Amino acid sequence: MVIRFGPYMVPVPPPEAILAVVVPVLIGFAWIWRDANRRGQPGLLWALLTLPLSWLAVLAYVFVRALQSPPLASRDTNAASANESPPSP
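On a predicted model such as this, the values are computed, not experimentally measured, just so you know.

A description of the pairing of strand β1 (residues 2–5) should follow, citing residues and the corresponding values.
Inspection of the sheet shows β1 paired to strand β2 (residues 8–11) by four bridges, in the antiparallel sense. Counterpart to Val2 in the pairing with β2 is Pro11.

Structure representation (structure tokens):
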């Protein structure tokens, strides 16, 4: 498909090609936002990086995530269980 723009002809990709790019970026956006917020990082900032950088932002986040500690919910659960005393006989 081609769109005429004055003397120029601009090729337009098919809808399937557009979806093949947009859907994975939106999935990465949602996953990074939720996961970063759970880990106490700026989720919106990380998620917004996925829009212009797409999979490079996802790889960068996964790398930084591996260097960080576990999610806040897991840390709270582990801290609570560490503070409990063992049952007395």
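Additional details are given in the paragraphs that follow.
Describe the environment of Leu44, listing the residues and the values that go with them.
Inspection of the secondary structure assignment puts Leu44 in helix α2 (residues 43–53). Given a relative accessible area of 42%, Leu44 falls into the partly exposed group. Along the primary structure Leu44 and Ala30 are separated by 14 residues, whereas in three dimensions their C-alpha atoms are 9.5 Å apart.

Run through the packing of α2 against helix α3 (residues 55–67), naming residues and quoting values.
Each pair of packed helices can be described by the angle between their axes along with the distance between the axes. One can describe the packing of α2 onto α3 by two numbers: an axis separation of 6 Å at closest approach and a directional angle of 145 degrees. Taken together, the residues of α3 that come into contact with α2 (itself represented by Trp46, Leu49, Thr50 and Leu53) are Trp55, Leu56, Ala57, Val58, Ala60, Tyr61 and Val64. Counted by class, the contact of α2 with α3 contains ten nonpolar, one polar and no charged residues.

Quick rundown of the packing of aromatic side chains? Include the residues and the values.
The tally for this structure, following the rule as stated, stands at three aromatic pairs. Where Phe29 meets Trp33, the ring centres are 5.5 Å apart and the plane angle is 90 degrees; that geometry is what we call edge-to-face. One end of the pair is Phe29 and the other is Trp33, both in helix α1 (residues 15–38) and four residues apart, which spans about a single turn. Here Trp33 falls in the partly exposed class, since its relative accessible area comes to 35%. Arranged with centres 5.2 Å apart and planes meeting at 70 degrees, the rings of Trp46 and Tyr61 form a pair that is edge-to-face.

Rules used in this analysis
Residues numbered from 1 in each chain as written. Predicted model: local features only at pLDDT ≥ 70, side-chain atom pairs only at ≥ 80, totals over all residues. Heavy atoms only, no water. Pairing = 2+ DSSP bridges. Helix = DSSP H or I, 4+ residues; strand = E, 2+ residues; numbered from the N terminus. Buried < 20%, exposed > 50% of the residue type's maximum accessible area, 1.4 Å probe, protein only. Axes fitted to C-alpha atoms, helices over the stretch in contact; angles between N-to-C directions. Contact = heavy atoms within 4.5 Å. Nonpolar A, V, L, I, M, F, W, Y, C, P; charged D, E, K, R; others polar. Phe/Tyr/Trp six-rings, centres within 6.5 Å; stacked < 30°, edge-to-face > 60°.

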